[in-house]
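Okay, here's what each chain looks like letter by letter:
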Amino acid sequence: MAGSFVAGRAISRASPKRNGGADPPLSLAMPTVADLQKTAELEKFLVEAGLYEGEEESAKREEVLREIDQIVKEWVKQLTSQKGYAEQMVEEANAAVFTFGSYRLGVHGPGADIDALCIGPSYVNREEDFFVTLYGALLEMEDVTELQPVPDAHVPVMKFKFRGIPIDLLYASVSLSVIPPDFDISQGSVLCNVDEATVRSLNGCRVADQILRLVPNAENFRTTLRCLKYWAQRRGVYSNVTGLLGGVSWALLVARVCQLYPNAVPSMLVSRFFRVFTQWQWPNPVMLCTIENDDGLGFSVWDPRKNPRDRSHVMPIITPAYPCMNSSYNVSTSTLRVIMEQFQFGNKICQEIELNKASWTALFEPFQFFEVYTRYLVVDIVADDDDDLRLWKGWIESRLRQLTLKIERDTKGMLQCHPYPYEYADPSIQCAHCAFYMGLSRKEGIKIRGQKFDIRGTVDEFMREIGMYTLWKTGMDLAVTHVRRQQIPSYVFEQGCKNPCPPICASQQDQSDKNDSEVYTRAVSLEGQLKRKYDSDGGGDVESCKSVRRASVSPACEETSTQLQDDVNFGLTNCSTSPHGSEESASGNSCGVGIIGLVDETSILDCLRPHVENDRTRTILEQTASENVVEKDERKLEGIESLPNSNCTEFMEVAEAVTGTILTENVPFSGHEVI
């Protein structure tokens, strides 16, 4: 491929490495023999876990990118001709493809998608030319499958598979009439006269390039990031769309640790990652370098003093390319709690690994989501076919974060949600469907017997927002229900999750059935939605669908029947089964749920999370005796440590007094000054 992604990768390897900010690293300690041995063991584990793709698949990706590059070049030439430009202009017409994300950073695995950006000239637009003309051309190609345009996304994207390789293709029209073969996307001039959506599209590539330039050792960074991405997936905290952390955020966190310990090898970096971020005082921002503020271009950069929206960010992780943004703006109070609990787990296991009391396998033990909570919200999604389901599911999944935020808002933060970033499908149901689960828990430390959380209005509001989907079709429906832990369908556990509850005795089962009678008869899972699917088979098949779901419920749990003594009541009733009020779903109230009890989760969570003492009076980064910490950094850490966690604006003001600099204005904002 001429110039674009191949040249971009070559440039990054040749770029000089440097640390962000003006301050020295926290430690220049070199690895010991033991550190090198543990790194070898870690790398062996990652290979055996299948995280590296083979040469054949790698070559296929390169070939696919070359073909896509050729497709978009021909597309631009055809458009140039159709728009009536001169023959010379048609001859010079060009487009360029750049990669970003995990592929650009060199940490992708087998089957991973490729994030790609097409750069086109100023007269080729996104709305009609990209999402209509190019979409139509791709639709006609045999090599292209599962084509899904998402024009209304925060970053508009065209998703598809090309010869089986998943592709997320973005488009940016820059203020040039001809795209040169050696187009440099890192130059600030590419942002001239473009809209916000184009800036977000361009910044994926710009951020990836900056990360590789700012880390002291690219290979150590890649191994560490590959490790921690796999860990995050195993522990259920890898998902930007549901309010957890996405790939960019994980890359930035790892890059920051690499800057703090430039001589460390991956085993050291993984351990120090958890050591640093279990003690990080959020919302103190994580940054790799100075925040650039180019007033000439006029784009807003992350600054909680000037931008009211930035003040609500609970876990700011700032991108290094202008305009600097918070890559983790989706994180909420509930999901921050989930992430921090997993950091504590990782820190405890790494301490045991350093003491030779555990192996790397222990760090990657999957998170037992269905053991942690006693109550769950289930978001069931159904459509007429797989293509419709893919579109409908994508829209609903992108709004699940809003459901979490609305529940936090309407319960004043007392009821917390843990959206699990994996979908499940019942193989016994023959229609296109899937389900997402959200764990429910009372805010830790709050014990009020008999308190009720009524979120009926919250779910109604969520359903109305879902109903705004512009591509809705007949057959697309949604149900929001609740289940107890012992009512989790068995197919969930057959798809890789551990069944948490052993069978209980008959007397306990009878009592549990009595307690659940109102809830269970009213929580008709997808009856309205599935009615249409089974009408052709006879009138009794709707009830048969209900029976299938009920028969797949796993047995009740002893723990639940005893812990319901100290409960919180949670109401969810009379929810519309269809966000569009279709006749088919109006006949059943599959969202209707009675009052249920929500027990205190603290004792359950305490059993599953490591007991790691976190002394807030210590500095954020606790260093071992063997590490050389610069005295100037120590003084800054002691000052920053006392900052409140609730307000980014107050943080910025106090940080200015501590460091003696005016942050985000004309003086460099160093990441070391923020730690």
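Residues numbered from 1 in each chain as written. Predicted model: local features only at pLDDT ≥ 70, side-chain atom pairs only at ≥ 80, totals over all residues. Heavy atoms only, no water.

Q: Got a sec to walk through the overall build of the chain? Specific residues and values, please.
A: Along the backbone of the chain there are 24 helices and twelve strands. Intrachain contacts of the chain at a sequence separation of at least 6 include 77% that bridge at least 24 residues. Of the roughly 27,200 Å² of accessible surface on the chain, 50% is carried by carbon and sulfur atoms. (Helix = DSSP H or I, 4+ residues; strand = E, 2+ residues; numbered from the N terminus. Contact = heavy atoms within 4.5 Å. Areas by Shrake-Rupley, 256 points an atom, 1.4 Å probe, with all protein chains shown as cover.)

Q: With reference to specific residues and values, describe the sheet that holds strand β4 (residues 157-162).
A: Within the open sheet, the five strands sit side by side as β1-β2-β5-β4-β3. Their pairing is mixed. The open sheet terminates on both sides in strands that have one partner only, identified here as β1 (96-100) and β3 (144-150). With strand direction ignored, the average angle separating the axes of adjacent strands in the sheet is 25 degrees. Inspection of the sheet shows β1 paired to strand β2 (residues 114-120) by five bridges, in the antiparallel sense. Residue T99 lies in a different strand from β2, and its bridge partner there is A116. (Pairing = 2+ DSSP bridges. Axes fitted to C-alpha atoms, helices over the stretch in contact; angles between N-to-C directions.)

Q: I'd like to hear about helix α11 (residues 333-354), residue by residue, with values.
A: For an α-helix, the turn length of 3.6 residues means that residues three or four places apart are oriented alike. The end-to-end C-alpha distance of α11, which contains 22 residues, comes to 32 Å, matching closely the 32 Å that a straight helix rising 1.5 Å per residue would cover. Along α11, 17 of the 22 residues are buried, which leaves the element largely enclosed by surrounding structure. Of the residues one or two after α11, N356 is the one with positive phi, at around 60 degrees. (Expected span 1.5 Å × (residues − 1). Buried < 20%, exposed > 50% of the residue type's maximum accessible area, 1.4 Å probe, protein only.)

Q: Got a sec to walk through the packing of helix α8 (residues 218-234) against helix α10 (residues 266-278)? Specific residues and values, please.
A: The geometry of a pair of packed helices is captured by two quantities: the angle between their axes and the separation between those axes. Relative to each other, α8 and α10 sit at 50 degrees, their axes nearing to 9 Å. By the angle between their directions, the pair α8 and α10 is classed as oblique. Where α8 crosses over α10, the handedness of that crossing is right-handed. Mapping the contact onto sequence places N220, T223, T224, C227, L228 and W231 in α8 and P266, L269, V270, F273 and F274 in α10. Its residues assigned to classes, the contact of α8 with α10 shows eight nonpolar, three polar and no charged. (Parallel < 35°, antiparallel > 145°, perpendicular 65-115°, else oblique. Left-handed = near helix turned anticlockwise from the far one by under 90°. Nonpolar A, V, L, I, M, F, W, Y, C, P; charged D, E, K, R; others polar.)

Q: A description of the environment of L117 should follow, citing residues and the corresponding values.
A: By secondary structure assignment, the location of L117 is in strand β2. When near neighbours in sequence (up to four residues on either side) are disregarded, L117 contacts A96, V97, F98, F100, L169, L170, Y171, A172, I185, S201, L202 and C205.

Q: Just give me the short version of the nonpolar core, but keep the residues and values in it.
A: In globular proteins that are soluble, nonpolar side chains generally tend to be buried together. Of all hydrophobic cores here, the largest spans 105 residues; its most connected members are I119, F221, F343 and Y437. Apart from the residues within four sequence positions on either side, F343 is in contact with W231, W250, L253, F273, F274, F277, T278 and M315. L79, A95, Y123 and V144 belong to the second largest nonpolar core, which has 31 residues in total. (Core = buried A, V, L, I, M, F, W, Y, C linked by side-chain atoms within 4.5 Å.)

Q: Before we move on, can you summarise the pattern of salt bridges with the specific residues and values?
A: If you walk through the whole model with that rule in mind, you get 25 salt bridges. Residue R275 is joined to E354 by a salt bridge in which the shortest nitrogen-to-oxygen separation is 3.8 Å. In this pair, R275 is assigned in helix α10 and E354 in helix α11, connecting sequence segments 79 residues apart. The buried category is assigned to R275, whose relative accessible area is 13%. In this structure, the salt-bridge partner of K393 is E423, at a minimum N-O distance of 2.9 Å. With K393 in helix α14 (residues 386-410) and E423 in strand β7 (residues 415-424), this residue pair connects regions lying 30 residues apart in the sequence. Salt bridges linked by common partners bring R399, K406, R409, D410, E461 and E465 together as one network. (Salt bridge = Lys/Arg side-chain N within 4 Å of Asp/Glu carboxyl O.)

Q: How would you explain the environment of S201 if you had to name every residue and give the values?
A: Turning to its location among the elements, S201 is positioned in helix α7 (residues 196-214). Residues S201 and A172, 29 residues apart in the sequence, show an inter-C-alpha distance of 6.4 Å. Apart from residues no more than four positions distant in its own chain, S201 is found in contact with L117, R126, V155, L170 and Y171. A distance of 2.9 Å separates the side chain of S201 from the backbone oxygen of A197, its partner in a polar contact. (Polar contact = N/O pair within 3.5 Å; in protein donor to acceptor, adjacent residues only side chain to side chain.)

Q: Would you mind going over the sheet that holds strand β8 (residues 432-442) in detail, with residue names and values included?
A: Taken together, four strands build an open sheet; the order of strands is β7-β8-β6-β10 and the sheet is antiparallel. Edge positions in the open sheet fall to β7 and β10 (477-484), since each of these has one partner strand only. Going across the sheet, the axis of each strand differs from the next one's by a mean of 25 degrees, ignoring polarity. Inspection of the sheet shows strand β6 (residues 375-383) paired to β10 by eight bridges, in the antiparallel sense. The partner of I381 across the bridge, within β10, is L478. Contacts from α11 reach β7 and β8 within the one sheet, and its direction differs from that of β7 by about 70 degrees.

Q: Describe in detail the packing of aromatic side chains, supporting the description with residues and values.
A: For any pair of aromatic rings, the description rests on two quantities: the centre-to-centre distance and the angle between the ring planes. For the structure shown, the criterion picks out 37 aromatic pairs. Aromatic pair F277 and F343: ring centres 6.4 Å apart, planes at 40 degrees, arrangement tilted. Within this pair, whereas F277 is found in helix α10, its partner F343 is found in helix α11, the two being separated by 66 residues in sequence. Here F277 and F343 have matching classes, each one buried. Among the aromatic residues, those joined into a ring-pair cluster are F369, F370, Y373, Y376, Y420, Y422, Y424, Y437 and F493. Note that R235 overlies the ring of F345, its terminal NZ or CZ placed 3.7 Å from the centroid. (Phe/Tyr/Trp six-rings, centres within 6.5 Å; stacked < 30°, edge-to-face > 60°. Lys NZ or Arg CZ within 6 Å of the ring centre and 35° of its normal.)

Q: I'd love a proper account of the confidence of the model for the chain, names of residues and values included.
A: Within the chain, residue pLDDT values average 76, and 68% of them lie at 70 or more. Low pLDDT (under 50) marks residues 1-22, which in the prediction has 51 contacts with non-local residues, meaning those over four places away or in another chain. (pLDDT = per-residue confidence, 0-100.)

Q: Outline unusual backbone geometry, supporting the account with residue identities and numerical values.
A: The omega torsion of the bond from W282 to P283 falls at 15 degrees, within 30 degrees of zero and hence cis. Mapping P283 onto the fold places it in the loop between α10 and α11. Even without being glycine, E146 reaches a positive phi, approximately 50 degrees. Position of E146 relative to the elements: it lies in strand β3. Judged by relative accessible area, E146 falls into the partly exposed class, the value being 38%. Of note in this structure, N193 is not a glycine but carries a positive phi near 60 degrees. Here N193 lies in the loop between β5 (165-173) and α7.

Q: Explain the pairing of β8 residue by residue, including any values.
A: Taking burial as the measure, the eleven residues of β8 include eleven buried ones, the bulk of the element. With burial as the criterion, each face of β8 is covered, one bearing A432, C434, F436, M438, L440 and R442 and the other bearing H433, A435, Y437, G439 and S441. Where β6 and β8 come together, nine bridges link them in antiparallel fashion. Within β8, the residue paired with I381 across the bridge is C434.

Q: Which residues make up the packing of helix α2 (residues 33-48) against α8, and what are the values?
A: In the contact formed by α2 and α8, the axes pass within 11 Å of each other and the chain directions differ by 55 degrees. Classified by the interaxial angle, the pair formed by α2 and α8 is oblique. The handedness of the crossing between α2 and α8 is left-handed. Each of L42, E43, F45 and L46 in α2 lies in contact with α8, whose residues at this interface are T223, C227 and Y230. Across the contact of α2 with α8, the residue classes break down as five nonpolar, one polar and one charged.

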